[in-house]
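Architecture and fold: a report
Single-letter residue listing:
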Amino acid sequence: MRVLLVAEPGRLDWFDYLAVDPELELELLWREGPDEPGAPPPFVRREHFLRDHRTARALLLAARPDRIVLMEIIALREVALIVAARALGIPTFYLEHGAAGDAATARARFAEFPVGERLRRSIARLAHLRRVAEVRYFYLSGAGDVSGRSLPSFLALPALLAALAPTRALARLRFAERVPETCIVFNRANQEEFELLHGRGGYRAALTGVPFFDAYHRPDLATDPSLVAYLDHPYLESGLLGWTEAHHRHVARSLARFAEARRLRVLVKLHPRSSLERWLGYELPPSVEIVQRGDTTEQLLRAGLVLTYGSSLATGLLSARRNLVALRWHPTPRPFGVDFAETGLCHRSDSVDELSTRFDGWLAENLAASRDAEHRAFLARFNEPFDGQARARVRALIKAGPGPTTR
């Protein structure tokens with residue numbers, strides 16, 4: 001079964017589990033051409049390039065996929081591919097790549113495209129008018145594949161995407177033909193976010209549990225109280241919540257001082273968009289291990305305590321009943337994203353300075369392990385079923401093809 005996968009090549013953790021099934025022959029579509037960075041992994045049978053095709057219909061007729069799976073729907077070409085695939089009768093799928101997204105978080109991110117950023121992008125487009133025209137043609141060539149009712153929204157979408165944050169634009173302009181037939185959204189929280197952006201009807205929503213956390217289903221794995229994990233988030237790099245260089249440095253060096261004073265090991269797990277160079281520039285002691293790439297599942301599961309912001313990794317760790325502290329270590333303490341402290345399954349901290357006064361209490365009481373009712377409620381919203389088989393369920397859905405849609 002030939003699957004055309006629209007996904008960023010560098011994020012193998014989003015889709016590598018699809019390659020396990022020998023019936024799924026993965027072909028990748030992401031890059032403009034072979035001269036761009038980001039070559040696909042060896043398990044991808046073939047790569048298609050956007051610049052080789054003037055229209056979405058021409059691309060799909062050349063690739064001849066049995067399925068098309070998109071891991072993002074935020075750009076004109078992605079919408080154009082869905083419209084063309086549905087018109088050609090090719091089963092379409094959206095495959096989620098996060099775990100902790102919800103409608104409230106999506107609304108909070110609507111404002112992440114300020115006037116200055118819009119002006120910068122507009123000026124940048126002037127230097128690449130030919131490419132802009134090619135993308136518009138790729139998209140608008142599909143006008144004949146949408147209904148008369150959908151056509152005004154279809155035609156207005158390019159202007160709105162240029163003016164607003166992509167998620168905000170999608171939430172404002174919904175039409176049936178731009179949504180895949182099957183949307184694999186993992187959990188109820190993800191489903192709420194998807195419905196905010198794409199509406200509630202006309203597609204099948206499949207809740208499979210989170211495939212990235214199948215490896216976290218290890219209930220008998222012992223923890224090490226001398227190991228603490230800190231799940232970093234790129235607030236400074238993204239210009240969010242008032243983070244400054246000084247505040248970032250204070251958090252990093254406070255972690256290091258605490259580790260040395262208590263003779264602990266601290267694993268700093270960086271977000272892919274975080275600056276590794278900035279962290280290395282602090283010259284922290286060897287007791288602080290900084291990791292951005294690679295599999296840290298074993299270390300996170302063994303950590304006696306995990307310090308985390310609204311990271312999707314927290315979903316897997318709470319599913320596995322690990323001991324977490326939900327952080328609000330911002331210049332002005334506040335929740336942002338999913339507030340895991342509200343689940344009743346983890347502690348809460350407003351300042352990095354609380355490490356010296358509250359650490360022993362946090363370490364001594366694993367709330368996720370002791371609160372059964374709250375844990376069941378958490379799984380029902382964020383990761384049900386949690387049984388190590390979510391990856392198999394996702395692959396089975398793709399192979400089975402479209403099912404009944406909701407109205």
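This paragraph deals with the overall build of the protein chain. Along the protein chain, the regular secondary structure elements total 17 helices and 13 strands. The principal-axis extents of the C-alpha atoms in the protein chain amount to approximately 65 × 45 × 40 Å. Each of the 407 residues in the protein chain was classed as buried or not, and the buried ones make up 52%. Element-wise, carbon and sulfur atoms account for 51% of the exposed surface of the protein chain, whose accessible area totals about 18300 Å². Charged side chains in the protein chain number 55 positive and 49 negative. The centres of these two groups are separated by 5 Å.

On the basis of which strands lie adjacent, the open sheet formed by seven strands has the order β3-β2-β1-β4-β5-β6-β7 and parallel pairing. Across the chains shown, the open sheet's two edge strands, defined by having one partner strand only, are β3 (46–48) and β7 (204–206). For this sheet the average axis-to-axis angle between neighbouring strands, irrespective of direction, equals 25 degrees. With four bridges joining them, strand β1 (residues 2–6) and strand β4 (residues 67–70) adopt parallel strand pairing. Residue pairing for β4: Val6 is matched across the bridge by Leu70. Helix α1 (residues 56–63) rests against β1, β2 (25–29), β3 and β4 of the sheet, and its axis sits at about 145 degrees to β1. Contacting β1, β2, β4 and β5 (92–95), helix α2 (residues 76–88) runs over the sheet at an angle of about 155 degrees to β4.

What follows is about the sheet that holds strand β11 (residues 303–308). Taken together, the six strands give an open sheet; going across it, the order is β10-β9-β8-β11-β12-β13, and neighbouring strands pair in parallel fashion. At either margin of the open sheet sits one strand with a lone partner, and together these are β10 (288–291) and β13 (347–349). On average, each strand axis in the sheet is inclined to that of its neighbour by 20 degrees, with strand direction left out of account. Along the sheet, helix α14 (residues 355–364) contacts β8 (224–231), β11, β12 (324–327) and β13; its crossing angle with β13, the most-contacted strand, is approximately 170 degrees.

With that settled, the discussion passes to the pairing of β1. Most of β1 is tucked away: four of the five residues are buried. Note: β1 against β2, five bridges, orientation parallel. From the neighbouring strand, Val3 faces β2, where its bridge partner is Leu26.

Position of Glu32 among the secondary structure elements: in the loop between β2 and β3. In contact with Glu32, not counting residues within four places along its chain, are Phe49, Leu50, Arg51, Arg77 and Arg131.

With their axes 8 Å apart at the nearest point, α1 and α2 run at an angle of 60 degrees to one another. Overall, the two elements α1 and α2 adopt an arrangement that is oblique. The hand of the α1/α2 crossing is right-handed. Here Ala56, Arg57, Leu59, Leu60 and Leu61 of α1 come into contact with α2, specifically with Ala80, Leu81, Ala84, Ala85, Ala87 and Leu88.

Another aspect to go through is unusual backbone geometry. Cis geometry marks the peptide bond from Glu384 to Pro385, where omega comes out at 0 degrees. Within the secondary structure, Pro385 sits in the loop between α16 (372–382) and α17 (390–400). Positive phi, close to 60 degrees, is recorded for Leu241, a residue that is not glycine. With respect to the element layout, Leu241 can be found in the loop between α9 (235–238) and α10 (245–262). Non-glycine residue Arg321 carries a positive phi angle of around 60 degrees. With respect to the secondary-structure elements, Arg321 resides in the loop between α13 (313–319) and β12.

Inspection of the entire model under this criterion finds 25 salt bridges. The partner of Glu354 in a salt bridge is Arg358, and the shortest N-O contact between them spans 3.3 Å. For Arg358, a relative accessible area of 34% gives the class partly exposed. One salt-bridge network, held together by shared partners, links Asp21, Glu23 and Lys399.

So, about the pairing of strand β9 (residues 265–269). Extensive coverage of β9 is indicated by the burial of four of its five residues. Here five bridges tie β8 to β9, and the two strands are oriented parallel to one another. Residue pairing in the sheet places Val228 in a bridge with Val266 of β9. Crossover handedness for the path β9 to helix α11 (residues 276–281) to β10: right-handed.

The next point concerns the nonpolar core. Ranked by size, the top nonpolar core spans 52 residues in total, and within it Leu18, Leu95, Ile184 and Ile398 carry the most contacts. Those residues in contact with Ile184 that lie beyond four places of it in its chain are Phe93, Tyr94, Leu95, Glu96, Ala206, Thr208, Val394, Leu397 and Ile398.

With that settled, the discussion passes to the packing of aromatic side chains. This structure, assessed with the given rule, holds 20 aromatic pairs. Geometrically, the ring pair formed by Phe15 and Phe43 is edge-to-face, given 6.2 Å between the ring centres and 75 degrees between the ring planes. Of the two residues, Phe15 is situated in the loop between β1 and β2 and Phe43 in the loop between β2 and β3; the sequence distance between them amounts to 28 residues. Overall, Phe15 belongs to the buried group, its relative accessible area being 0%. For Phe43, a relative accessible area of 28% corresponds to the partly exposed category. Ring geometry for Tyr235 against Phe336: centres 6.1 Å apart, planes inclined by 80 degrees, an arrangement best described as edge-to-face. With Tyr235 in helix α9 and Phe336 in the loop between β12 and β13, this pair connects stretches of sequence that are 101 residues apart. Taken as a pair, Tyr235 and Phe336 share a single burial class, namely buried. Of the aromatic side chains, those joined through ring pairs into one cluster are Tyr230, Tyr235, Trp243, Trp279, Tyr282, Tyr309, Trp329 and Phe336. Cation over ring: Arg77 sits above Phe138, and NZ or CZ is 5.4 Å from the ring centre. Note that Arg178 overlies the ring of Phe175, its terminal NZ or CZ placed 6.0 Å from the centroid.

Procedures and definitions
- Residues numbered from 1 in each chain as written.
- Predicted model: local features only at pLDDT ≥ 70, side-chain atom pairs only at ≥ 80, totals over all residues.
- Heavy atoms only, no water.
- Helix = DSSP H or I, 4+ residues; strand = E, 2+ residues; numbered from the N terminus.
- Buried < 20%, exposed > 50% of the residue type's maximum accessible area, 1.4 Å probe, protein only.
- Areas by Shrake-Rupley, 256 points an atom, 1.4 Å probe, with all protein chains shown as cover.
- Lys, Arg positive; Asp, Glu negative; His and termini not counted.
- Charge placed at Lys NZ, Arg CZ, Asp CG, Glu CD.
- Pairing = 2+ DSSP bridges.
- Axes fitted to C-alpha atoms, helices over the stretch in contact; angles between N-to-C directions.
- Contact = heavy atoms within 4.5 Å.
- Parallel < 35°, antiparallel > 145°, perpendicular 65-115°, else oblique.
- Left-handed = near helix turned anticlockwise from the far one by under 90°.
- Salt bridge = Lys/Arg side-chain N within 4 Å of Asp/Glu carboxyl O.
- Right-handed = clockwise from strand over helix to strand, strands pointing away.
- Core = buried A, V, L, I, M, F, W, Y, C linked by side-chain atoms within 4.5 Å.
- Phe/Tyr/Trp six-rings, centres within 6.5 Å; stacked < 30°, edge-to-face > 60°.
- Lys NZ or Arg CZ within 6 Å of the ring centre and 35° of its normal.

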